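The chain contents come next:
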Amino acid sequence: MKNNVFIFDTTLRDGEQALPASLSVDQKIRIARQLARLKVDIIEAGFPVSSPGDFNSVNTIAKQIEGPVICGLARTVEEDIIACGKAIKPAKRGRIHTFIGTSAIHTKRKLRKSEEEILNIVTKSIKLARKWCDDVQFSPEDAGRTGIDFLCRIVETAIKSGATTINIPDTVGYTIPEQFGGIIQTLFDRVPNIDKAIIAVHCHNDLGLATANSITAVNHGARQVECTVNGIGERAGNAALEEVVMAIKLRKDLLHKTTGINTREIMRTSKLVRDLCDMPVQPNKAIVGGNAFAHSSGIHQDGILKAKNTYEIMTPQSIGLKENKMNLTSRSGSHMVKTRLVKLGYSDEEIDMENFYKRFIALADKKGTVYDDDLITLMESKNTSDLKDMFKLEYLNVSSGTGMIPTATVKISFNKKMFQEAACGDGPVDATTKAIDRVTGYTIELQDYHLDAITRGREALGRVKIRAKTDEGVFIGTGTSTDIVEASALGYMDVVNKVARMKKFGKKSSKKTNRER
Ligand code: KIV
Ligand code: ZN
């Protein structure tokens, strides 16, 4: 127990107060239930006096959520403390968290009170809170910028008045780790009754140091860390729960501390908070960002394939993710691409890696990231081309634009000879099919044309599906490319080759074209 760090989650209070739209009671209950599943020690459920809605949320959470201590926030004001006491009353274990500004900026400018007046207010408020609840937390707001002598006096007074937890907030995220650790250390060195309370920290992230400051404070004796899921909160947010918890878990070798958090619930909690709060998580966010377990560099991917810990300091499973993500790009090696194809269910015999890898690189160069559905499409298009096309589109150039007549030039190989034609049309696709017709001499009537984006991203692969009628029957052709005119040309060529095969091998074969003679 001595080495346990309590996790105090304030997503529903500090996090919620920074959202553009407040959460409904129902949404708060869903988050509180998940926080209980995550096994946080304390849930700060809201600020009961601030509105009837907030009172109701804290009160409902106190009634319904079992496991964590349910805490409510109150200024050092009688009305706040009474409202908070009432709201948390139904909880099996409740806590009142009361606070007042203690830095010179707060006492002189905001509160316009002397240090002695502040000390009296703290004493009275904590004594009142203790009448409602045995578990009382006190925070000297803006402690990070409070003179150390006054901070020591106020902490001693709060403990003497009955506070069981003293929380030291870096309210404006101004301190840096060594300095903040020093404040905590000084409190332990100078406050005579410090051992009668748990020392907590509450760090904001204005300089991006909230996690570092919290961890440094733990190293100097803090035993409760206040944090929020995904680091949401006032301005730049609070210390992120997932960062603090994983740092403590992973660096046990240095910190020698533990938490009671079920880390496998981290990802699920993060997604729930992201969705209900409508607060996106930046892709490169530590632990829970979309890229936190994604590898892009070919060198990294190769390393990961050989030994995961070359580039992963924790397993994706440890935070509740199924697996890491390998971003397939032109930097990915053929080993990586093949591994993904095998994962997608292709057997060694189906994969002609030398040929496939060239086509993969060509697509990756155009598209950037190649997704699984791109790979499947590439594999499928390879399989259909096994049927040996007779006509092959070697070159396509289309010019079109406002005030221009769309014109297409094609070069098509057939029987080892090259044929070139050009045509104008009503649009670039029409011009292209007419130019192809001029080469083949076929009469093909287009009955249906359908274009789908089949993969993601700006350079998504488009698939064109064409239904066409000829003397030989009705044929369906498909073509895939990042360029929709090229996809259309390939779809049309697919029809042409089916017609050619039918003419050569099929029953309906009739007249021969100039190219087939
Ligand atoms: O940042 C802060 O100081 C707070 C207090 C209410 C603890 O949120
Ligand atoms: Zn705060």
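Residues numbered from 1 in each chain as written. Chains lettered and ligands numbered in written order. Predicted model: local features only at pLDDT ≥ 70, side-chain atom pairs only at ≥ 80, totals over all residues. Heavy atoms only, no water.

### Quick look at the site of ligand 1
Defined as follows: Note on terminology: near, applied to a residue and a molecule or strand, indicates that one of the residue's heavy atoms is within 4 Å of it. What qualifies as a polar contact is a pair of N or O atoms within 3.5 Å, subject to a donor-acceptor requirement within protein and to the restriction that residues adjacent in sequence count only when both atoms come from side chains. For accessible areas, the Shrake-Rupley method is used with a probe of radius 1.4 Å. Any residue's cover is judged against the shown protein chains and nothing else. Strands are runs of DSSP state E lasting at least two residues, helices are runs of H or I lasting at least four, and both sets are numbered from the N terminus onward. By the convention adopted, Pro, Cys, Tyr, Trp, Phe, Met, Ile, Leu, Val and Ala count as nonpolar, Lys, Arg, Asp and Glu as charged, and the other residues, Gly among them, as polar.
As a structural note, the neighbourhood of ligand 1 is formed by Arg13, Asp14, His97, Phe99, Ser139, Glu141, Asn167, Pro169, Thr171, His202 and His204. Here Arg13 contributes a side-chain N or O atom positioned 2.9 Å from an oxygen atom of ligand 1. The separation between an oxygen atom of ligand 1 and a polar side-chain atom of His204 is 3.0 Å. Protein coverage of the free-state accessible area of ligand 1, which is 260 Å², stands at 95%. Counting residues per element, the ones that place at least two in the shell around ligand 1 are helix H1 (11-17), strand S4 (94-101), strand S5 (136-141) and strand S6 (165-170). Looking at side-chain class alone, the shell around ligand 1 contains two nonpolar, six polar and three charged residues.

### Observations regarding the domain arrangement of the protein chain
As a reminder of what qualifies: An automatic or database domain assignment provides the domain bounds reported here.
Split into domains, the protein chain comes out as domain 1 (6-277), domain 2 (294-387) and domain 3 (391-505). Averaged C-alpha coordinates put domain 1 and domain 3 at centres separated by 66 Å.

### Here we look at the packing of helix H2 (residues 25-38) against helix H3 (residues 52-64)
Rules: Inter-axis angles, ranging from 0 to 180 degrees, are taken between N-to-C directions of lines fitted to C-alpha atoms, where helices are fitted over the stretch in contact. We call a crossing left-handed when the near helix sits turned anticlockwise from the far one by less than a right angle, and right-handed when that turn is clockwise. Should any heavy atoms of two residues lie within 4.5 Å, those residues are counted as being in contact.
Where H2 contacts H3, the axes come no closer than 10 Å and their chain directions differ by 40°. For the pair H2 and H3, the crossing hand works out as right-handed. Residue-level contacts link Val25, Lys28, Ile29, Ala32 and Arg33 of H2 to Gly53, Asp54, Asn56, Ser57, Thr60, Ile61 and Gln64 of H3. Looking at the contact of H2 with H3 residue by residue, the class counts come to four nonpolar, five polar and three charged.

### Looking at the confidence of the model for the protein chain
Note the following rule: Note: pLDDT gives the predictor's confidence per residue, expressed from 0 to 100.
Considering every residue of the protein chain, the mean pLDDT works out to 93; 96% of them sit at 70 or more. The secondary-structure element of the protein chain with the lowest mean pLDDT is helix H16 (residues 372-385), recorded at 71, while strand S1 (residues 6-9) shows the highest, at 99. Considering only residues more than four positions removed or in separate chains, one finds that residues 507-517, a stretch of pLDDT under 50, has 27 contacts.

### Brief notes about the nonpolar core
The condition is simple: Within this scheme, the nonpolar core is defined by two criteria: the residues are buried Ala, Val, Leu, Ile, Met, Phe, Trp, Tyr or Cys, and they are joined through side-chain atoms within 4.5 Å. Partly exposed describes any residue whose relative accessible area lies between the buried limit of under 20% and the exposed limit of over 50%, with all areas from a 1.4 Å probe on protein chains only and scaled to the type maximum.
Counting residues in each nonpolar core, the largest one holds 85 residues, and the members touching the most others are Ile31, Ile43, Phe138, Ile154, Val155, Ile166 and Ile168. Judged by nonpolar contacts, the second largest core, of 27 residues, contains Leu393, Ala408, Ala468 and Tyr492.

### A closer look at the sheet that holds strand S15 (residues 462-470)
Strands pair in a sheet through their backbones, by hydrogen bonds, and they do so in one of two ways: parallel or antiparallel. This is how it is decided: Two strands pair if DSSP finds at least two bridges between them.
Taken in spatial order, the three strands of this open sheet run S14-S15-S16, and their pairing is antiparallel. For this open sheet the edge positions go to strand S14 (445-453) and strand S16 (473-481), each flanked by a neighbour on one side alone. Going across the sheet, the axis of each strand differs from the next one's by a mean of 15°, ignoring polarity. Where S14 lies against S15, eight bridges are found, and the strand directions are antiparallel. Across the sheet, the residue bridging to Glu445 is Lys469, located in S15.

### Quick look at the pairing of S6
Residues in a regular strand project their side chains so that they alternate between the two faces of the sheet. We count it as follows: For the handedness criterion, the strands are oriented away from the viewer, and a crossover whose path from the first strand over the helix to the second runs clockwise is classed as right-handed.
Across the six residues that make up S6, a large majority, six, are buried. Neither face of S6 is exposed, since Thr165, Asn167 and Pro169 on one face and Ile166, Ile168 and Asp170 on the opposite face are all buried. Here S5 pairs with S6 via two bridges, running parallel. Looking at the pairing, Phe138 lines up with Ile166 of S6. In terms of handedness, the path from S5 via helix H7 (residues 148-161) over to S6 forms a crossover that is right-handed. Examined bridge by bridge, S6 and strand S7 (residues 198-203) share six bridges and lie parallel to one another. Looking at S7, one finds that Asn167 is bridged to Ala200. Considered for its hand, the β-α-β crossover made up of S6, helix H8 (residues 177-190) and S7 is right-handed.

### Comments concerning the pairing of S7
Of all six residues that make up S7, five are buried, and the element is covered over most of its length. As defined by bridge partners, S7 adjoins strand S8 (residues 224-227) across three bridges and the pair is classed as parallel. Bridging across to S8, His202 finds its partner in Glu226. For the crossover from S7 across helix H9 (residues 210-219) to S8, the handedness is right-handed.

### Regarding the coordination of the zinc ion (ligand 2)
Operational definition: Distances define the donors: N, O and S atoms within 2.8 Å of the metal qualify, as do those within 3.2 Å of Na, K or Ca. Water is excluded, so some sites may look unfinished.
Listed as protein donors to the zinc ion (ligand 2) are Asp14 (OD), His202 (NE2) and His204 (NE2); their distances from the metal cover 2.0 to 2.1 Å. Site description for the zinc ion (ligand 2): donor spacing in sequence, D-x187-H-x1-H. Under the relative-accessibility criterion, His202 is labelled buried at 5%.

### Some remarks on the state of the cysteines
Put simply, the rule reads: Note on terminology: pairs of cysteine sulfur atoms within 2.5 Å are recorded as disulfides.
Evaluation of the coordinates by the stated rule reveals zero disulfides. Free of any disulfide, Cys133 has its nearest neighbouring cysteine sulfur in Cys84, separated by 8.1 Å. We classify Cys133 as buried; its relative accessible area is 10%. Free cysteine Cys203: the closest other cysteine sulfur is in Cys227, separated by 10 Å.

### Observations regarding the sheet that holds S1
Taking strand neighbours around the barrel as the criterion, the eight strands line up as S1-S2-S3-S4-S5-S6-S7-S8 in a closed arrangement whose pairing is parallel. Averaged over all pairs of adjacent strands, the angle between their axes in this sheet comes to 25°, without regard to strand direction. Strand contacts of helix H6 (residues 115-132): S4 and S5, with the helix running at about 170° to S4, the strand carrying the most contacts.

### Brief notes about the packing of aromatic side chains
Here is the rule we go by: Centres within 6.5 Å make a pair out of two Phe, Tyr or Trp rings, where for Trp the six-membered ring is used; the pair is then stacked when the planes are under 30 degrees apart, edge-to-face when over 60, and tilted otherwise. As a reminder, the over-ring test applies to NZ of lysine and CZ of arginine, requiring each to be within 6 Å of the ring centre and within 35 degrees of the ring normal.
Using the criterion set out here, one finds three aromatic pairs in the structure. The interplanar angle of 25° and the centroid separation of 4.3 Å between the aromatic rings of Phe391 and Phe414 together place this pair among those described as stacked. Note that Phe391 is positioned in strand S11 (residues 391-399) and Phe414 in strand S12 (residues 407-414), a separation of 23 residues in sequence. On the basis of relative accessible area, Phe391 is assigned to the buried category, the value being 1%. Judged by centre distance (5.8 Å) and plane angle (85°), the ring pair of Phe391 and Tyr442 falls under edge-to-face. Highlighted residues: Phe391 in strand S11 and Tyr442 in the loop between helix H17 (428-440) and S14, separated in sequence by 51 residues. An identical accessibility class is assigned to Phe391 and Tyr442; each is buried. Among the aromatic residues, those joined into a ring-pair cluster are Phe391, Phe414 and Tyr442. Between the NZ or CZ atom of Lys411 and the centre of the ring of Tyr395, over which it lies, the distance is 5.1 Å.

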